[in-house]
Amino acid sequence: MILNLQHIDQQRIAAIDSNGATLKYAEITQLSQHITYLVPQRALCFLLVENNIGGIAWTMGMLSSRQLVPLILNVKTEEALLQQLLDTYQPTYICAPASFQKEGILVDQQFGYQLTKVSEGICPLHEELSHLLPTSGSTGSPKLVRHKYDNIEAAGLNISTFFELKETDRPLMVLPLYYTMGLSMVFSHLRVGATILITGLSMTDPNFWKFLKEQRATSFTGVPYSFQILNLMRFFRMDLPHLELLTQGGGKMPTDLNIKFAEYCRDNGKRWIATYGQSECTARMAYLPAKWALDKVGSIGIAVPNGELSLIDTDGNPITTPHTEGEMCYCGKNVTMGYARQQSDLALGDERNGFIRTGDLAYFDEDGCYYIVGRMGRFLKLFGMRVGLDECEQIVQTDCGIECACVGTDEKMIVYITNADKQNEVKDTLVQKTHIVATSFQIRVINEIPKNEAGKKLYSKLSIN
Amino acid sequence: MTNLEKYNAIFTEVFGATADQLGDNFSKETVSEWDSVHQLNIISLLEETFDLMLDPEDIMACTNYNAGKEILTKNGIEL
């Protein structure tokens, strides 16, 4: 079994959801064996999940069976995007909550999800390929990240080690299962036999707070905006004696808010651990140990156990002196195999061999703690979700028929256009297509989009503030 | 700007909604984008625009256009 799940006491509860349903470790084992029995040959399956025990059961069942390779998606994925993914990758199966309409032969039905055979075709899948995740949840890119079984083992081991996870932990999971960090929470906690408290409830829903308190959550993991909500909900005045660990990932947290949470944890005997990661590396790659949470606020800290961070200069040479900026690289077993852009890519092997250039510009201090100063890649992380700038430019080009230049920070995307009449249309289009809150987009009108002689946009000439 | 105009402007800012879309039917149930991020943004803008500090109960209750108005009234803002 994956993550050595067979060594966990099978009668233990693996997950409880906010609908009141529970999942035993034994049920994951049984579902995994059942899939092996149902599915004669390794095949691709689109797994459309909600944050409930069925989502965890089917995800872990498929991974453990090694027979179904899931592309894990939000059940609410926009229809046009889902269709594009279906056309591109042509899965043999779809597994989704019973309420989700689909045509095909019903193969199995458990935990509120239906496994349906939708095609007779079987595409070649590399033997190491474990699962797929979209690179961007919002802009509709069909580019996927190819994970292997070893990535799951490595993420489970590394993350449970540095968070010091244990069997008695009851982590509250609000991050979506189809999001790399949510999935890594599942891997790392199941590995130690913990009980995941999973919910799809909004943090502004009274039932969310009821669930957290009644189930005595011992840890909470969120992206920066999750902590903004906690702050607004007067989290600091709540009495939560069981909550022992707060962890953050998914982009840089505003400094004042980071300090507020770090101070609260220090004063209340809790741990505050900020982390850094990417989908390309099965989530977590670095963490700031709790002892440095305040002294080094804003730092992403050091590499996770069994991983290694380094910097290279523009010529590709290693940087060994502190406070020198360069591109951050990562080496470890959680580095994924590569991307898929079309069905035939699913047969590809490991293209990275445990090493990746992150596309983030960083430096390290005397203690070896890393600080991110910018990004070389063309994407932002708005609300913890990666948003491709080039994809957004493409959306504006296609839907509004004008050229634009997208730049920005993890707080706001700035879209430069030259036609003042199109300001509202561009904003509406981006909001509609990405489902990201309108306040995240600022449309600015300029006379001309700066370009070099070859016609390439000069983003460095556009202000990001 | 009147308080109502300021209030409507918040929804325009958060959802890109036009004034004629706003009304009884503008809620978490009918607007697909309305999630906790959007709700948080509405709350932040209400607090900023009307110089308020809202309670968790108000934040949780702010799930439609009319509820937001009631929250303002409760906090002494006349619309």
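These numbers were taken from a predicted model, which means no experiment stands behind them. (Residues numbered from 1 in each chain as written. Chains lettered and ligands numbered in written order. Predicted model: local features only at pLDDT ≥ 70, side-chain atom pairs only at ≥ 80, totals over all residues.)

### Some remarks on the overall build of chain A
Of regular secondary structure, chain A possesses 10 helices and 26 strands. Radius of gyration (C-alpha) of chain A: 22 Å, near the 23 Å computed for a compact globule of 465 residues. When the backbone C-alpha atoms are referred to their principal axes, chain A occupies close to 65 × 55 × 45 Å. Counting every position in chain A, which comprises 465 residues, the buried fraction comes to 48%. Of the contacts formed within chain A by residues at least 6 apart in sequence, a portion of 66% connects residues at least 24 apart. (Helix = DSSP H or I, 4+ residues; strand = E, 2+ residues; numbered from the N terminus. Rg over C-alpha atoms; globule rule 2.2 N^0.38 Å. Buried ≥ 20, exposed ≤ 12 C-beta atoms within 10 Å, placed from the backbone. Contact = placed C-beta atoms within 7 Å.)

### Remarks on the overall build of chain B
Within chain B, the regular secondary structure consists of 4 helices and 0 strands. Listing every helix and strand of chain B by position from the N terminus yields α-α-α-α. Against the globule reference of 12 Å for 79 residues, chain B gives a C-alpha radius of gyration of 11 Å, in line with a compact fold. A buried classification covers 33% of the 79 residues belonging to chain B. When contacts within chain B are restricted to residue pairs at least 6 apart in sequence, long-range pairs at least 24 apart make up 52% of them.

### With respect to the environment of A:Glu127
Residue and element names in this part refer to chain A. Looking at where glutamate 127 falls in the secondary structure, it is placed in the loop between β7 (113-117) and β8 (129-134). Judged by the 10 C-beta atoms lying within 10 Å of it, glutamate 127 falls in the exposed class. In this structure, the C-alpha to C-alpha distance between glutamate 127 and aspartate 169, residues 42 residues apart in sequence, is 33 Å.

### Details of the nonpolar core
All names here are of chain A. Grouped together as the largest cluster of nonpolar side chains are 157 residues, with contacts concentrated most on Cys45, Leu47, Ile56, Cys95, Ile196, Ala286 and Val415. When we break this core down by domain, the ones giving at least three residues each are domain 1 (2-373) and domain 2 (385-461). Discounting residues that sit within four places of it in the chain, leucine 47 has contacts with Trp58, Thr59, Met62, Pro70, Leu71, Ile72, Leu73 and Cys95. (Core = buried A, V, L, I, M, F, W, Y, C linked by C-beta atoms within 7 Å. Domains from an automatic or database assignment.)

### A short note on the interface of chain B and chain A
Across the boundary between the two partners, chain B contributes 16 residues, which contact 19 residues of chain A. Those elements that provide at least two residues to the side of chain B that touches chain A are α1 (3-15), α2 (36-50) and α3 (56-61) of chain B. When its residues are assigned to classes, the side of chain B that touches chain A shows 8 nonpolar, 5 polar and 3 charged. (Nonpolar A, V, L, I, M, F, W, Y, C, P; charged D, E, K, R; others polar.)

### A short note on the sheet that holds strand β17 (residues 308-312) of chain A
Residue and element names in this part refer to chain A. Spatially, the 4 strands line up as an open sheet ordered β17-β18-β20-β21, and their pairing is antiparallel. Bordering the open sheet on either side are β17 and β21 (370-375), each of which pairs with just one other strand. On average, adjacent strands in this sheet sit at an angle of 50° to one another, irrespective of strand direction. Examined bridge by bridge, strand β20 (residues 355-364) and β21 share 5 bridges and lie antiparallel to one another. The residue bridging leucine 361 from the neighbouring strand is glycine 374, located in β21. (Pairing = 2+ DSSP bridges. Axes fitted to C-alpha atoms, helices over the stretch in contact; angles between N-to-C directions.)

### What about helix α9 (residues 389-400) of chain A?
Residue and element names in this part refer to chain A. Here α9 contains 12 residues, and its C-alpha end-to-end distance of 16 Å stays within 8% of the 16 Å for a straight helix at 1.5 Å per residue. Of the residues making up α9, those classed as buried are Leu389, Glu391, Cys392, Ile395 and Val396. Down the axis of α9, the sector holding all buried residues measures 160°, keeping them to one side. Residues of α9 that are exposed and point more than 90 degrees away from the buried face comprise Gln397 and Thr398. The elements touched by buried residues of α9 are β22 (379-382), β23 (385-388), β24 (405-408), β25 (413-417) and α10 (423-434). Positive backbone phi, approximately 70°, marks glycine 401, located one or two places after α9. (Expected span 1.5 Å × (residues − 1). Arc of directions from axis to C-beta.)

### Observations concerning the confidence of the model for chain B
All names here are of chain B. When pLDDT is averaged along chain B, the result is 90; 100% of the residues meet or exceed 70. For chain B, the element scoring lowest by mean pLDDT is α3, at 88; helix α4 (residues 65-74) scores highest, at 94. Our summary of model confidence lists the complex with pTM equal to 0.86 and ipTM equal to 0.72. (pLDDT = per-residue confidence, 0-100.)

### Description of unusual backbone geometry
Most of the time, phi is negative for any residue but glycine, and the peptide bond is trans. All names here are of chain A. For arginine 66, which is not a glycine, the phi torsion comes out positive at approximately 60°. Tracing the sequence through the fold places arginine 66 in the loop between α2 (53-65) and β4 (68-74). For arginine 66, a count of 16 C-beta atoms within 10 Å translates into the label partly exposed. Even without being glycine, asparagine 353 reaches a positive phi, approximately 50°. Residue position: asparagine 353 is located in the loop between β19 (338-340) and β20. Given 10 C-beta atoms within a 10 Å radius, asparagine 353 is considered exposed.

### Let's talk about the domain arrangement of chain A
Domain annotation for chain A reports domain 1 (2-373) and domain 2 (385-461). With centres defined by C-alpha atoms, the gap from domain 1 of chain A to domain 2 of chain A works out at 29 Å.

### Side note on the sheet that holds strand β11 (residues 196-198) of chain A
Residue and element names in this part refer to chain A. Sheet architecture is open: 9 strands sit in the order β2-β1-β11-β10-β12-β13-β14-β15-β16, paired in mixed fashion. Only two strands of the sheet have a single neighbouring strand rather than two, namely β2 (22-24) and β16 (302-303). Sheet topology note: the strand β1 (residues 13-17)/β11 ladder contains 3 bridges and is parallel. Directly across from alanine 15, in β11, lies its bridge partner isoleucine 196.

### So, the packing of helix α7 (residues 224-232) of chain A against α2(B)
In contact at an axis separation of 11 Å, α7(A) and α2(B) are set at 50° when each is read in the N-to-C sense. In this view, α7(A) runs oblique relative to α2(B), as classed from their interaxial angle. Relative to α2(B), the crossing made by α7(A) is left-handed. For the pair α7(A) and α2(B), the contacting residues are A:Tyr225, A:Gln228, A:Ile229 and A:Leu232 in the first and B:Ser36, B:Val37, B:Leu40 and B:Ile43 in the second. In terms of residue class, the contact of α7(A) with α2(B) is made up of 6 nonpolar, 2 polar and no charged. (Parallel < 35°, antiparallel > 145°, perpendicular 65-115°, else oblique. Left-handed = near helix turned anticlockwise from the far one by under 90°.)

### Quick word on the environment of A:Thr204
Topologically, A:Thr204 is positioned in the loop between β11 and α6 (206-214). A count of 25 C-beta atoms within 10 Å places A:Thr204 in the buried class. Between the C-alpha atoms of A:Thr204 and A:Leu230, which are 26 residues apart in sequence, the distance is 9.1 Å. If we skip the residues at most four places from it in the chain, A:Thr204 touches A:Ile229, B:Ser36, B:Gln39, B:Ile59 and B:Met60.

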